[in-house]
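Structural description and commentary
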Amino acid sequence: MKEIIHKLYKYSEISDDELKMLIDSASDKDDELLRLLADDVRRRYYGRDVFLRGLIEISSYCKNNCLYCGIRCGNKNAERYRLSREDILSCCDYGYSLGLRTFVLQGGEDAFFNDEFLCPLISEIKQNYPECAVTLSLGERSIESYRKLKQAGADRYLLRHEAADEALYTKLHPESMLLENRKSCLFTLKKLGFQTGSGFMVGAPYQTSDNIVSDIRFLQKLNPEMIGIGPFIPHCSTPFKGFKQGDLALVLRLVSILRLIFPKALIPSTTALGTIHPYGREMGLKAGANVVMPNLSPADVRKKYMLYNDKICTDEEACENIAKLKKRIADAGYEVLGGRGDAVK
Ligand code: SAM
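Analysis parameters
- Residues numbered from 1 in each chain as written.
- Predicted model: local features only at pLDDT ≥ 70, side-chain atom pairs only at ≥ 80, totals over all residues.
- Heavy atoms only, no water.
- Helix = DSSP H or I, 4+ residues; strand = E, 2+ residues; numbered from the N terminus.
- Rg over C-alpha atoms; globule rule 2.2 N^0.38 Å.
- Buried < 20%, exposed > 50% of the residue type's maximum accessible area, 1.4 Å probe, protein only.
- Contact = heavy atoms within 4.5 Å.
- Lys, Arg positive; Asp, Glu negative; His and termini not counted.
- Charge placed at Lys NZ, Arg CZ, Asp CG, Glu CD.
- Axes fitted to C-alpha atoms, helices over the stretch in contact; angles between N-to-C directions.
- Left-handed = near helix turned anticlockwise from the far one by under 90°.
- Nonpolar A, V, L, I, M, F, W, Y, C, P; charged D, E, K, R; others polar.
- Pairing = 2+ DSSP bridges.
- 1 Å grid on protein atoms, 1.4 Å probe; cavity = no way out; pocket = protein on both sides within 12 Å on 5 of 7 lines; lining within 4 Å.
- Points joined across faces, edges and corners; volume = space filled by probe spheres on them.
- Right-handed = clockwise from strand over helix to strand, strands pointing away.
- Salt bridge = Lys/Arg side-chain N within 4 Å of Asp/Glu carboxyl O.

**Regarding the overall build of the protein**
- If you tally the helices and strands in the protein, you get 13 helices and nine strands.
- A globule of 345 residues ought to have a C-alpha radius of gyration of about 20 Å, and the protein, at 19 Å, matches this closely.
- Counting only C-alpha atoms, the protein reaches 55 × 45 × 35 Å along its principal axes.
- Burial analysis of the protein (345 residues in total) assigns 59% to the buried set.
- The contacts in the protein between residues at least 6 apart in sequence include a share of 75% that link residues at least 24 apart.
- Within the protein, the 46 negative side-chain charges are centred at a point lying 2 Å from the centre of the 49 positive side-chain charges.

**Re the packing of helix α10 (residues 248-261) against helix α12 (residues 280-287)**
- Their axes nearest at 8 Å, the elements α10 and α12 cross at an angle of 35 degrees. Seen along the crossing, α10 lies across α12 with a hand that is right-handed. Of the residues in α12, those in contact with L248, L252, V255 and S256 of α10 are M283, G284 and A287.
- When the residues that make up the contact of α10 with α12 are grouped by side-chain class, the tally is five nonpolar, two polar and no charged.

**Some thoughts on the sheet that holds strand β8 (residues 291-292)**
- Here we have three strands laid out as an open sheet, ordered β8-β1-β9, and parallel in their pairing. Two strands lie at the open edges of the sheet, namely β8 and β9 (335-337), each paired on one side alone.
- As defined by bridge partners, strand β1 (residues 49-52) adjoins β9 across three bridges and the pair is classed as parallel. Residue D49 lies in a different strand from β9, and its bridge partner there is E335.

**Quick notes on empty space enclosed by the protein**
- Applying the stated criterion to the full structure yields three cavities of 30 Å³ or more.
- Of the pockets and cavities examined, the largest cavity occupies roughly 1000 Å³.
- Along the wall of the largest cavity there are 48 residues; nearest its centre are Q106, S137, R160, E162 and L307.
- Mapped onto the lining of the largest cavity, the elements with two or more residues apiece are β2 (54-59), β3 (102-107), β4 (133-137), β6 (195-202), β7 (226-231) and α11 (271-276).
- It is β7 that provides the largest number of residues to the lining of the largest cavity, a total of five residues.
- Looking at side-chain class alone, the lining of the largest cavity contains 25 nonpolar, 15 polar and eight charged residues.

**Re the pairing of β6**
- Among the eight residues of β6, eight are classified as buried, and the element is accordingly described as predominantly covered.
- Looking at chain direction, β6 and β7 are connected through six bridges and run parallel. Note on β7: the bridge partner recorded for M201 is G230.
- For the crossover that starts at β6, traverses helix α9 (residues 209-222) and ends in the parallel β7, the hand is right-handed.

**Side note on the pattern of salt bridges**
- Evaluation of the coordinates by the stated rule reveals 26 salt bridges.
- Ionic pairing is found between R340 and D155, a salt bridge with its closest N-O pair at 3.4 Å. With R340 in the segment after β9 and D155 in the loop between α6 (143-152) and β5 (156-158), the pair connects residues that are 185 residues apart, well separated along the chain.
- Judged by relative accessible area, R340 falls into the partly exposed class, the value being 21%.
- E320 is the salt-bridge partner of R302, the closest N and O atoms lying 2.9 Å from each other. Here R302, found in the loop between β8 and α13 (322-331), pairs with E320, found in the loop between β8 and α13; they are 18 residues apart in sequence, far enough to count as distant.
- Taking the relative accessible area as the measure of exposure, R302 reaches 4% and is therefore buried.
- On the basis of relative accessible area, E320 is assigned to the partly exposed category, the value being 39%.

**Some points on the pairing of β7**
- Most of β7 sits out of view: six of its six residues are buried.
- Burial along β7 is two-sided: the face carrying M226, G228 and G230 and the face carrying I227, I229 and P231 are both buried.

Laid out in structure tokens, this is it:
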């Protein structure tokens, strides 16, 4: 196993069989080696730097019915809200005053947020804060829409592919959602010049290590600037309520593997990771992640953007506690850097 890990460190590539073996059978010692080497690779391009993104969850309405997601349209228990233009602008204002230089507008696929609403809003944010990046995470849209959003000034787009394997994708999504469309959106985003992020949940129901190998191979084809992975966590009002959550050690192992394969990627230590372990965020950073996304949504809506059970949103992950978050990151041996935090070219 040691040889495989060193090969991955040296060449950023190993065979499917080797990758599968690493995913399935790495020991604690192997994980430790992976972590050390991933940290070394991250240091090469990013030193000890960690970038913060202010996450604004703009809508809990969603037309989709993904089987894993707490805001799926079929969840009649979900509380729905959408932020107004003024709400979003004041979140940016607040975030800017805290030193944040990237605003991520994320939400369910909500037709209310059409191009006529979003484009002037994005332009206004960019005008107010020219040195800030605007990231969107609003699901699948048409090429024309993505083009308009880019022209309005959006810099980045996050759209996890969720599962690169057709059979698994079908088990996680309703018939109306097509993997082919998801993938084509991602290639379109790249072509339009968005810094693009993709990724998948670890430990999603029915997921096998072969599936994870396919996910990694898809990411290599796409070559995104950002890669987000986190554990699947069940939500009590979804069809997947009875499945167990993703394994912490496997998520961390995969963060390290992804860092070794994608030395220059921006990899967040996700909220889901912070949800399954009190020090999950720090563990993610130590495994090779270099981005943290504190929650900038208005406090009264945060509990309504409940993608999975017990999603954290009020402690260090909340922007109002950013000083505590920075201290925790510093205590883990990293340094929060100001600025937009673009990926190294
Ligand atoms: N609608 C946009 C989209 O589809 O990309 C953005 C919002 S979506 C809720 C954001 C991400 O949350 C998804 O890409 C998914 O991977 C993650 N997510 C949803 N339900 C989850 C769960 N039960 N456990 C972990 N992550 C989950």
